[in-house]
Amino acid sequence: MNDSAKGAECDIITSAKAFCKQHLQPIARQLDKDGRFPEELRQNMAAAGFFGMNYPAEYGGSGYDSVTAYQAAKELAKASAGVALTLHVHWMAVDALVKFGSEEQKRCYLPDLLQGKKLAAYTISEAQAGSDAAAITAEAVLCGDRWVLNGTKYFCTNGGLADVYFVAFKTAPDAGAKGISMFIIEKGTPGFQIGPAEEKMGCRSSLTTSLRFTGCSIDSACLLGNVNEGFKVAMYGLTGGRLGMAAMGLGIAEAALELSVRGSGHAGRYVC
Ligand SMILES: Cc1cc2nc3c(=O)[nH]c(=O)nc-3n(C[C@H](O)[C@H](O)[C@H](O)COP(=O)(O)OP(=O)(O)OC[C@H]3O[C@@H](n4cnc5c(N)ncnc54)[C@H](O)[C@@H]3O)c2cc1C
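Now for a description of the structure that goes with this document.

Procedures and definitions
Residues numbered from 1 in each chain as written. Predicted model: local features only at pLDDT ≥ 70, side-chain atom pairs only at ≥ 80, totals over all residues. Heavy atoms only, no water. Helix = DSSP H or I, 4+ residues; strand = E, 2+ residues; numbered from the N terminus. Core = buried A, V, L, I, M, F, W, Y, C linked by side-chain atoms within 4.5 Å. Buried < 20%, exposed > 50% of the residue type's maximum accessible area, 1.4 Å probe, protein only. Contact = heavy atoms within 4.5 Å. Pairing = 2+ DSSP bridges. Near = heavy atom within 4 Å. Polar contact = N/O pair within 3.5 Å; in protein donor to acceptor, adjacent residues only side chain to side chain. Areas by Shrake-Rupley, 256 points an atom, 1.4 Å probe, with all protein chains shown as cover. Nonpolar A, V, L, I, M, F, W, Y, C, P; charged D, E, K, R; others polar. Expected span 1.5 Å × (residues − 1). Salt bridge = Lys/Arg side-chain N within 4 Å of Asp/Glu carboxyl O. Disulfide = S-S within 2.5 Å.

## What to know about the environment of Gln 22
- Along the chain, the position of Gln 22 falls in helix H2 (residues 11–34).
- Put simply, Gln 22 and Ala 197 are 175 residues apart on the chain and 27 Å apart in space, counted from C-alpha to C-alpha.

Set out below in structure tokens:
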């Protein structure tokens, strides 16, 4: 944590509460109905410093500790679980980049990702590879100094919204979890198509899409971490994601409790 953050540890939680009241609660229901995450909301969240609150100041983050950051994120989930999910998956990608990225990759992507100028997605899942992440079949083949990607991913949170996609591919098809590598792919790369948003039952302001790679050629510098060690990268990102889902669950539960208390005529007694 940097010095300014140390002295005011709870500021970001207070800001998150104020942000929700002013910017999120009034529109959360409509965003969920419409299945939309507006650009203006991303800009407001960026201005509030949410995208980089728990990352080092040297890359443009605010340096808050994780407990504080996840408490602030819980406040967002109380107002809109979908919006909190958007943030948590962004953080999963950033976690992996901070831990496994080369210095060049960090300098290239972290400042914009932490300031919310760019949004990230993190995708492992495929139609036949959910819980069993090592069963992915999308393949990356090294041709000279470029990787050529083929395959389809499902359930990509922030699909379409994100500018940068962290995606797992098989690089040694017969090696199971030891044959997976993680790549950083920018939106707009030829051969990389993003499907329409799925019609979900909840968290609809978080966009979920498929991703299709057809002969998508990327530079060898887009590899995140070592070749065939991507399963470790993928699981590392999921660790933060699990904390995020816990914070989201807590936020949803608190919101439900407060709403039920208010609804039963005890407004103000239990609601803080
Ligand atoms: C809204 C949403 C957003 C998502 N966003 C992302 C994302 O951004 N990136 C990404 O990579 N993925 C994402 N996912 C996919 C998510 O990671 C998968 O849904 C999850 O891994 C489960 O996989 P599955 O849906 O294929 O279910 P399955 O793996 O088919 O599991 C179905 C059920 O079987 C159970 N089960 C599975 N294996 C076993 C076993 N061996 N023994 C006993 N029970 C078992 C599971 O617990 C579950 O209850 C998202 C999913 C949703 C719904």
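Read on, since the account is not over.
## Examining the nonpolar core
- In terms of nonpolar packing, the biggest core is built from 60 residues, with Met 45, Tyr 122 and Phe 166 touching the most fellow members.
- Looking at which element gives the most residues to this core, the answer is helix H5 (residues 81–100), with 13 residues.
- Each residue touching Tyr 122, except ones within four places of it in the same chain, is listed here: Val 89, Met 92, Ala 93, Ala 96, Phe 166, Met 182, Val 233, Ala 234, Gly 237 and Leu 238.
- Counting 19 residues, the second-largest nonpolar core is a separate cluster that includes Ala 138, Ala 140, Ile 185 and Cys 216.

## Description of the pairing of strand S2 (residues 139–143)
- The pairing of S2 with strand S3 (residues 146–157) spans 5 bridges and is classified as antiparallel. In the sheet register, Cys 143 faces S3, and the bridge partner there is Arg 146.

## Some thoughts on the site of the ligand
- In the vicinity of the ligand, the contacting residues are Tyr 122, Thr 123, Ile 124, Ser 125, Gly 130, Ser 131, Phe 155, Cys 156, Thr 157 and Lys 200.
- Take Thr 157: an N or O atom from its side chain is 2.7 Å from a nitrogen atom of the ligand.
- Burial of the ligand by the protein chains amounts to 39% of its free accessible area of 960 Å².
- Only strand S1 (120–123) and S3 provide two or more residues apiece to the shell around the ligand.
- Across the shell around the ligand, the residue classes tally to 4 nonpolar, 5 polar and 1 charged.

## Points about unusual backbone geometry
- For Asn 158, which is not a glycine, the phi torsion comes out positive at approximately 75°.
- Topologically, Asn 158 is positioned in the loop between S3 and strand S4 (164–170).
- Under the relative-accessibility criterion, Asn 158 is labelled buried at 0%.

## What to know about helix H4 (residues 66–79)
- Look at H4: 20 Å from first C-alpha to last across 14 residues, which is about the 20 Å you get at 1.5 Å a residue.
- Taking burial as the measure, the 14 residues of H4 include 10 buried ones, the bulk of the element.
- Listed in full, the buried residues belonging to H4 are Thr 68, Ala 69, Tyr 70, Ala 72, Ala 73, Lys 74, Glu 75, Leu 76, Ala 77 and Ala 79.
- Measuring from the side-chain oxygen of the N-cap residue of H4 to the backbone nitrogen of Val 67 gives 3.2 Å; that N-cap residue is Asp 65.

## Remarks on the pattern of salt bridges
- Tallying each qualifying case throughout the model produces 12 salt bridges.
- In this structure, the salt-bridge partner of Asp 34 is Arg 36, at a minimum N-O distance of 3.9 Å.
- Via salt bridges that share partners, Lys 74, Glu 75, Lys 78, Glu 254 and Glu 258 belong to a single interconnected network.

## Let's talk about the environment of Ser 205
- Turning to its location among the elements, Ser 205 is positioned in the loop between strand S6 (192–194) and strand S7 (208–219).
- For the pair Ser 205 and Asp 34, spaced 171 residues apart in the sequence, the C-alpha separation amounts to 7.5 Å.

## Some thoughts on the state of the cysteines
- Counting across every chain of the model gives 0 disulfides.
- Cys 156 forms no disulfide, and the closest cysteine sulfur to it belongs to Cys 216, at a distance of 14 Å.
- Owing to a relative accessible area of 0%, Cys 156 belongs among the buried residues under this scheme.
- We note that Cys 216 lacks a disulfide partner, and the nearest cysteine sulfur, in Cys 222, lies 8.8 Å from it.
- Cys 216 gets classed as buried once you look at its relative accessible area, which sits at 0%.

Structural measurements only, silent on function.
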